[in-house]
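So the chains spell out like this:
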Amino acid sequence: MAEGFWLVVLVGGVVGFLLGLVLNHFLPLLFKGGLVPKGTFGWPLLGETYSFLKPHSSNSVGAFLQDHCSRYGKVFRSHLFFSPTVVSCDPELNYFILQNEGKLFECSYPKPIHGILGKVSMLVAVDDTHKRLRNVALSLVSISKSKPEFLNDIESIAIQILDSWKDKPKVIFCEEARKFTFNVIVKQVLGLTPQEPETSKILEDFLTFMRGLISLPLYIPGTPYARAVQARSRISSSVKAIIEERRRNPENSKKRSDFVEILLSIDTLSEDEKVSFVLDSLLGGYETTSLLVSMVVHFLTHSPTALQQLKQEHQNIRSRKQNDDHLDWEDYKKMEFTQIVNSCTERLSKMSNLEVT
């Protein structure tokens, strides 16, 4: 009798769960409340997330967007990361959304992303909390860039990367760009050099975190998403240990001249917010900067004239300096054609805009 009762409860629970998934998936179609773009919600629960996450080359929008834009137009509905979604590939609409952020639209990430980024991440914060964290971030960047060590560190790490190529028959540039970007960010944020053991440990966990960030958000042991959440926890522990060590040895902290040194002097941030700031800095600069560097090289290989002009500009600046002199901000300001190359690369890489709301 008891076994029959529990069997009914189990079956009822499974049926209720499945019914809830179906209702969650299709209920938005029954309560449109206005004009809804054309499109499809795909499979229950997963929706079209798997197709959306399929890898594609950096200079294209990918098969998912190409197919949906051709079938439904530049603005279409979908179901991504467990949520009904409107996807926009319309530049004018995207610009309108960005201009009205905080007025007509609220910046946010799907709920599963909150689980991987952390509850106090600046990337998922909204309203006054986001403004407060953003102001602190801008202050951190401004102070760091004003220090002479900023460009010196970038130059030194670039030279180290280039020197490591001498005995290699072939290099995969996108991987080298990621290595360069990570080493620069870790040096600026945590004061760690590429040779320190902590750098390799954080890099390993960070790569695991990045692989799970853009994956099916299912917390099942062994999945990229679950491994990413665990990797974030390990990175947080490493960062907390570094912060605690700096507190115990303030003199060493001043010698480092990095983000952590500045963060320790800010009383308006909680301990978790300081740790999250470090991870946000890694995440915000790693993929975007390395991609831009790779795209610059990609476009320059197809434009020998631009490459020659770029080299000439750099050689002219170097010729006016002594061999042991580092580049400074005055040198950087003179790189006018370099700025044009960077701006054009960024524009070409973002010709197809995407806004998911």
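Attention here is on the structure that accompanies the text. For clarity, every value in this text was computed on a predicted model and none was experimentally measured.

### Description of the overall build of the chain
Across its full length, the chain carries 16 helices and three strands. Of all 357 residues assigned to the chain, the portion counted as buried reaches 35%. Carbon and sulfur atoms make up 60% of the accessible area of the chain, which totals about 21800 Å².

### A closer look at the packing of helix 9 (residues 197–213) against helix 13 (residues 271–301)
Helix 13 packs onto helix 9 with a crossing angle of 70° between their chain directions and a minimal axis gap of 12 Å. Considering their axes alone, helix 9 and helix 13 lie roughly perpendicular with respect to each other. On helix 13, the residues touching Ile202, Phe206, Leu207, Phe209, Met210 and Leu213 of helix 9 are Leu279, Leu282, Leu283, Tyr286 and Glu287. In terms of residue class, the contact of helix 9 with helix 13 is made up of ten nonpolar, no polar and one charged.

### Comments concerning the pattern of salt bridges
Enumeration according to the criterion identifies 13 salt bridges in this entry. Between Glu176 and Lys168 there is a salt bridge whose closest N-O contact spans 3.8 Å. Judged by relative accessible area, Lys168 falls into the partly exposed class, the value being 36%. For Arg247, the salt bridge is made with Glu271, and the minimal N-O distance between the two is 3.0 Å.

### Considering the nonpolar core
By size, the foremost hydrophobic cluster in this structure holds 50 residues, and its most contacted members are Phe206 and Phe209. Residue contributions to this core reach at least three from each of two domains, namely domain 1 (36–105) and domain 2 (127–349). If we ignore the near neighbours within four places in the chain, the residues touching Phe209 are Ile116, Leu117, Ala228, Ala231, Arg232, Leu279 and Leu283. Membership of the second largest hydrophobic core comes to six residues, among which are Val296, Leu300, Phe337 and Val341.

### Section: the side chain of Thr338
With respect to the helices and strands, the residue Thr338 is situated in helix 16 (residues 336–349). According to the relative accessible area criterion, Thr338 is buried, its value standing at 10%. Reaching out from Thr338, the side chain makes a polar contact with the side chain of Glu313 at a distance of 2.7 Å. Not counting residues within four places of it along the chain, the set of residues in contact with Thr338 comprises Leu310, Glu313 and His314.

### Re the pairing of strand 2 (residues 83–88)
In terms of strand pairing, strand 1 (residues 75–80) meets strand 2 through six bridges, oriented antiparallel. Among the inter-strand pairings, Arg77 is bridged to a residue of strand 2, identified as Val86. Hairpin connection between strand 1 and strand 2: a loop of two residues separates the two successive antiparallel strands, and Phe81 in this loop has a positive phi of roughly 55°.

### Considering helix 10 (residues 224–248)
Taking 1.5 Å per residue, 25 residues should reach 36 Å; helix 10 reaches 36 Å between its end C-alpha atoms and fits that length. Taken residue by residue, helix 10 has Tyr225, Ala226, Ala228, Ala231, Arg232, Ile235, Ser236, Ser238, Val239, Ile242, Ile243 and Arg246 as its buried positions.

### Quick look at helix 3 (residues 63–72)
Since the α-helix packs 3.6 residues into each turn, any two residues three or four apart lie on the same face. Listing the buried residues of helix 3 in full gives Phe64, Leu65, His68 and Tyr72. Along the axis of helix 3, the buried residues cluster in a sector spanning 85°; they form a single face. Those residues of helix 3 that are exposed and angled more than 90 degrees off the buried face are Ala63 and Ser70. Tucked inside the fold, the buried residues of helix 3 contact helix 2 (49–52), strand 1 and strand 2. Backbone geometry just downstream of helix 3 places Gly73 in the positive-phi region, at approximately 105°.

Conventions and cut-offs
Residues numbered from 1 in each chain as written. Predicted model: local features only at pLDDT ≥ 70, side-chain atom pairs only at ≥ 80, totals over all residues. Heavy atoms only, no water. Helix = DSSP H or I, 4+ residues; strand = E, 2+ residues; numbered from the N terminus. Buried < 20%, exposed > 50% of the residue type's maximum accessible area, 1.4 Å probe, protein only. Areas by Shrake-Rupley, 256 points an atom, 1.4 Å probe, with all protein chains shown as cover. Axes fitted to C-alpha atoms, helices over the stretch in contact; angles between N-to-C directions. Parallel < 35°, antiparallel > 145°, perpendicular 65-115°, else oblique. Contact = heavy atoms within 4.5 Å. Nonpolar A, V, L, I, M, F, W, Y, C, P; charged D, E, K, R; others polar. Salt bridge = Lys/Arg side-chain N within 4 Å of Asp/Glu carboxyl O. Core = buried A, V, L, I, M, F, W, Y, C linked by side-chain atoms within 4.5 Å. Domains from an automatic or database assignment. Polar contact = N/O pair within 3.5 Å; in protein donor to acceptor, adjacent residues only side chain to side chain. Pairing = 2+ DSSP bridges. Expected span 1.5 Å × (residues − 1). Arc of directions from axis to C-beta.

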